[in-house]
Amino acid sequence: MAIRKILLLYILFSSNLVLCQTLENYDLWLGYSKTENPELSREYQELFQFIYIENGNEILATAQKELIAGLEKILGDKPEFTTVQNSKNTVIIAKRENLDRSLAEKLGTDFNALGKDGFILKRTLWDGKQLTILTANEDLGILYGVFRMLHLLQTEQSLSEIHLVDAPKIDLRMLNHWDNLDRTVERGYAGFSLWNWQKLPEYIDPRYIDYARANASIGINAVSLTNVNANALILTPMYLEKVEALANVFRPYGIKVFLTARFSAPMEIGGLETADPLNQEVQNWWNSKAGEIYDRIPDFGGFLVKANSEGQPGPQNYDRTHVDGANMLAKALKPHNGNVIWRAFVYSEHDADDRAKQAYSEFVPYDGTFMENVLVQVKNGPIDFQPREPFHPMFGAMPKTPLMMEFQITQEYLGFSTHLVYLPKLFEEVLDSDTYREGKGSTVAKVIDGSLHQKKLTGMAGVANIGNDLNWTGHPFAQANWYGFGRLAWDPYLSSEDIADEWLRATYSNDPKFVEPVRAMLLMSREAVVNYMNPLGLHHIFDTGHHYGPGPWVSELSRPEWNPTYYHRANDKGIGFDRTPSGSNATAQYAPEVAKIFNNPKAIPEEYLLWFHHLPWDYKLKNGQTLWNGIAVKYQEGVDQVEGMIATWESVKPYISEEQFREVRMLLDIQLKEAKWWRDACLLYFQTFSKKELPDGVEKPTKTLEYFKSLKFPFAPGIRPRWD
Ligand code: BDP
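What you see is a predicted model; the values in this text were computed from it and never measured. (Residues numbered from 1 in each chain as written. Predicted model: local features only at pLDDT ≥ 70, side-chain atom pairs only at ≥ 80, totals over all residues. Heavy atoms only, no water.)

What about the pattern of salt bridges?
Thought 1: Counted by the stated rule, this structure contains 38 salt bridges.
Thought 2: Close ionic contact of Asp127 with Lys129 constitutes a salt bridge, the shortest N to O distance being 3.2 Å.
Thought 3: Here Lys129 falls in the buried class, since its relative accessible area comes to 15%.
Thought 4: Glu292 is the salt-bridge partner of Lys289, the closest N and O atoms lying 3.0 Å from each other. Note that Lys289 and Glu292 are positioned in helix H10 (residues 280-296) at a spacing of 3 residues, about one turn of the helix.
Thought 5: With a relative accessible area of 6%, Lys289 lands in the buried category. (Salt bridge = Lys/Arg side-chain N within 4 Å of Asp/Glu carboxyl O. Buried < 20%, exposed > 50% of the residue type's maximum accessible area, 1.4 Å probe, protein only. Helix = DSSP H or I, 4+ residues; strand = E, 2+ residues; numbered from the N terminus.)

Section: the sheet that holds strand E2 (residues 90-95)
Thought 1: Strand order across the open sheet formed by 5 strands is E1-E2-E4-E3-E5, with mixed pairing between neighbours. Of all strands in the sheet, those with a lone pairing partner are strand E1 (50-53) and strand E5 (163-166), marking the two edges. Across the sheet, the axes of successive neighbouring strands diverge by a mean angle of 20 degrees, strand direction being ignored.
Thought 2: When E2 meets strand E4 (residues 129-136), the two strands line up parallel, connected through 5 bridges. Along E4, the bridge assignment pairs Lys95 with Ala136.
Thought 3: On the sheet, helix H3 (residues 58-75) packs against E1 and E2 and is oriented at approximately 165 degrees with respect to E1. (Pairing = 2+ DSSP bridges. Axes fitted to C-alpha atoms, helices over the stretch in contact; angles between N-to-C directions. Contact = heavy atoms within 4.5 Å.)

Examining the domain arrangement of the protein chain
Thought 1: Segmentation of the protein chain into domains returns domain 1 (35-166), domain 2 (172-499) and domain 3 (531-577 + 614-710).
Thought 2: For domain 1 versus domain 2, the separation of C-alpha centres amounts to 34 Å.
Thought 3: If you look at the interface, domain 1 gives 14 residues, while domain 2 gives 14 residues.
Thought 4: Carbon and sulfur atoms make up 51% of the surface buried where domain 1 meets domain 2, a total of about 1,100 Å² over both sides.
Thought 5: Remark: the boundary between domain 1 and domain 2 carries 2 salt bridges.
Thought 6: One salt bridge in this structure joins Arg213 and Glu66, with 2.7 Å as the shortest N-O distance. (Domains from an automatic or database assignment. Buried area = accessible area lost by both parts, 1.4 Å probe.)

Some words on helix H15 (residues 479-490)
Thought 1: Across its 12 residues, H15 extends 17 Å between first and last C-alpha, which sits within 8% of the 16 Å expected from 1.5 Å per residue.
Thought 2: Taken together, the buried positions of H15 are occupied by Gln479, Ala480, Asn481, Trp482, Tyr483, Gly484, Phe485, Gly486, Arg487, Leu488, Ala489 and Trp490. (Expected span 1.5 Å × (residues − 1).)

What to know about the pairing of E1
Thought 1: Bridge count for E1 against E2 is 4 bridges, and the pairing is parallel. Bridge assignment links Tyr52 to a residue of E2, and that residue is Ile92.
Thought 2: Each parallel crossover has a hand, and for E1 linked through H3 to E2 it is left-handed. (Right-handed = clockwise from strand over helix to strand, strands pointing away.)

Things to note about the layout of surface pockets
With a probe scaled to a water molecule rolled over the atoms, the places where space remains empty come into view.
Thought 1: Roughly 750 Å³ of volume is contained in the largest pocket.
Thought 2: Residue assignment for the lining of the largest pocket shows that the elements contributing at least two residues are helix H6 (139-154), strand E6 (172-176) and strand E8 (256-260).
Thought 3: Each residue belonging to the lining of the largest pocket can be placed in one class, and the counts come to 13 nonpolar, 9 polar and 12 charged.
Thought 4: Of the domains in this structure, domain 1 (35-166) and domain 2 (172-499) are the two that each give at least three residues to the lining of the largest pocket.
Thought 5: The space that makes up the second largest pocket amounts to roughly 550 Å³.
Thought 6: Taken together, 24 residues line the second largest pocket, and the ones lying closest to its centre are Gly31, Ser33, Glu36, Tyr508 and Ser509.
Thought 7: With 3 residues, the single largest contributor to the lining of the second largest pocket is helix H16 (residues 496-507). (1 Å grid on protein atoms, 1.4 Å probe; cavity = no way out; pocket = protein on both sides within 12 Å on 5 of 7 lines; lining within 4 Å. Points joined across faces, edges and corners; volume = space filled by probe spheres on them. Nonpolar A, V, L, I, M, F, W, Y, C, P; charged D, E, K, R; others polar.)

Rendered as structure tokens:
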């Protein structure tokens, strides 16, 4: 009897826990709730007495559905709809062409800046009536406007004098999933792939719809479903039917589907003997493959391609160039208005030159030779999504080629889904970097939004951090990285601080006692991870393959540039990679103004110091510390910052639910443990070269270097296929 009772209690307790977690984290930033502020609640009630909303296609139907569901929760009541635009105190939601003509004229100038996806949200007096207008040129603008309006209500902002004209500054706002057909996710730390290929096309998991909603709410309009290390099977009819089903789910949310194209697909699934891009049969194969896809998916976005990179096949296998390969696919897609996104992440085992230089050397000479429906996708930095990298020298260096940004939202090198790291801070740093390509102020943001060199096609991609975990992203705060990526793809000039504020309010609470300290914690979290993993410009000192934890000692891998020792170059004399003219001269790939700063260890911002310079252990930093002491102090600072994050989180406990509190608290404990691991392992290892004591204030390691070296993680998540 007693046992049964305990069991029952246990079941109740545990299912309740699951339920809370599902409810609290599953909704992401769309968990609308009744407005608590009484004044605003009154304002909203009054404002939304009557709503006129245009009927139309499936995107407008989505907008209506979202509006009703959102308002019902925020107002606590079902909203009332009217069929006329000119009753008193109405919210009017309609495209420009369906607005009353004189009302549209009144808003005239606002429409100029709107483009295809923008919207206007405005309170205005018209014909003696106080109206709230949400309008756009096209359906999708209306959907984006509805989501933004709901966000404003949810984050308790008054609409009484609203005049918001907003339009995305970038065309393709895209997630890149690195999802395999067996549902594992390369570099995925939030469970398995959302795409249940086995049950598609018949079974539509409701999560597909929730995923699309979340993306649309922040303006994401394109997704590539499959890993860049591609499997040709995705292009076979059996899989295309499944892709079609997903495309049908995403279309009402304004999202286009892309696929990764394996360059050797004509051989693997087409029975050809070659994949040579200049071979007529190969070209015909791709042309008809494109036709087959567009018959199923008329708005298919196109192909994302990783070629001749890390063992992937590509045009160079046939002595052809990246341009030959990209243009062949571009020709196949052109009649259907599709795009090729060709990745610039290339470095070769046959090229002894500094890996950081290889993408620039390979691609910049091709500027102006790609077809106009090709975008070249460039990672934010020249190596590989490190906690900090200088901006990629290709930005601004290809004035005639659309360059698309590739950020990584999944935290391959930033603590997986265990560490709380707010990435919009990193994204912002890159976007704000000045390339000086057209003089001062030639920021990366201006390259990406096309304004620096008047690009017709623009894009920003983020490698998704989404899986089938209940909370989508593994760490509840990693949701902020998905959200923040979307917001910056919409407007690369937004501040990471404002985005943090928006996300916290929409996700957790509007209470400033919660928002302010946690916002400060988010903004600091990125520097913390840099400090405890890769301070002062160190990079790629991660353990092999899985990239979980430190491995600065790894030196025996077959390709030199896969070894951390290649990157830090620590020896008895000092540490760092000389990329100045006395070394690899990678700095020459930057504009002269930038190169001059990077070349000078006294002028360079110290966060990039060891990226560009090999310096003696007793080199004097700007603060007077020796380099050795400075490195050690930074590692310690990172650990201290995580302790600070824990203190902040403890202090906001009263403002959130017990489950929300505990989940993050437990993760922060792991983060602290791992920050200490990084500090101790790296300092013990570098100490074998510096042969110096740890400075005061830096905690002594409690384990030996041998212990850290002995750690092995054969089952770390997100590992890539075993071709390395
Ligand atoms: C690296 C990852 C690897 C990816 C590769 C890429 O370790 O899994 O395949 O980038 O972007 O960051 O192609």
